[in-house]
Amino acid sequence: MARRVWSEVEEEILLTNLSSLVDQGVWQAENGFRPGYLQVLKNQMRVCFPEAGIKQNHIEGKIKKWKRDYFDLDDILQIPGFGWNPNENKLVVENDVWNEFVRTRPQLRHFRDREFPNYNCWGHCFVRQEN
């Protein structure tokens, strides 16, 4: 199955709906969300975009990507030498620190100079569970 390309508006509505589920407090589980939350999101997306054909697996894939990006960013920001520019929603790092980092984590090379405007909202939705 081909990967779905999301529009900016679709992503914004999905994230708003996900955040709303978190705010309701009903859908949070110990390690994520309770069963059934994807169906709720699919139904909400169908109301907003009836002709878009957004399926549950599309939503699940998008949320997994956001969650992975959020936790990767969160981990990076714990490393000395990395910072966050809230005005541009980007990582701040000197070249030598970045070059050393990508030697060990080359799969995150694309995070350099990329904007993450949803980082704070992702943090609201994907809080780390304390052990």
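Scroll up for the structure.
A few points on the structure. (Residues numbered from 1 in each chain as written. Predicted model: local features only at pLDDT ≥ 70, side-chain atom pairs only at ≥ 80, totals over all residues. Heavy atoms only, no water.)

Thoughts on the pattern of salt bridges
Step number 1: In this structure the tally under the stated criterion is eight salt bridges.
Step number 2: We note a salt bridge from K65 to D69, for which the minimum N-O separation is 2.6 Å. Pair noted here: K65 and D69 are both in helix α3 (residues 56-76), with a separation of four residues, about one helical turn.
Step number 3: Here the salt bridges do not stand alone but share partners, grouping K65, D69 and R114 into one network. (Salt bridge = Lys/Arg side-chain N within 4 Å of Asp/Glu carboxyl O. Helix = DSSP H or I, 4+ residues; strand = E, 2+ residues; numbered from the N terminus.)

Some words on the packing of aromatic side chains
Step number 1: Inspection of the entire model under this criterion finds nine aromatic pairs.
Step number 2: Between Y70 and F71 the ring centres are 5.2 Å apart and the planes differ by 65°, which places this aromatic pair in the edge-to-face class.
Step number 3: Among the residues examined, Y70 registers a relative accessible area of 10% and is labelled buried.
Step number 4: You can call F71 buried: its relative accessible area is 18%. (Phe/Tyr/Trp six-rings, centres within 6.5 Å; stacked < 30°, edge-to-face > 60°. Buried < 20%, exposed > 50% of the residue type's maximum accessible area, 1.4 Å probe, protein only.)

In short, geometric facts, not functional conclusions.
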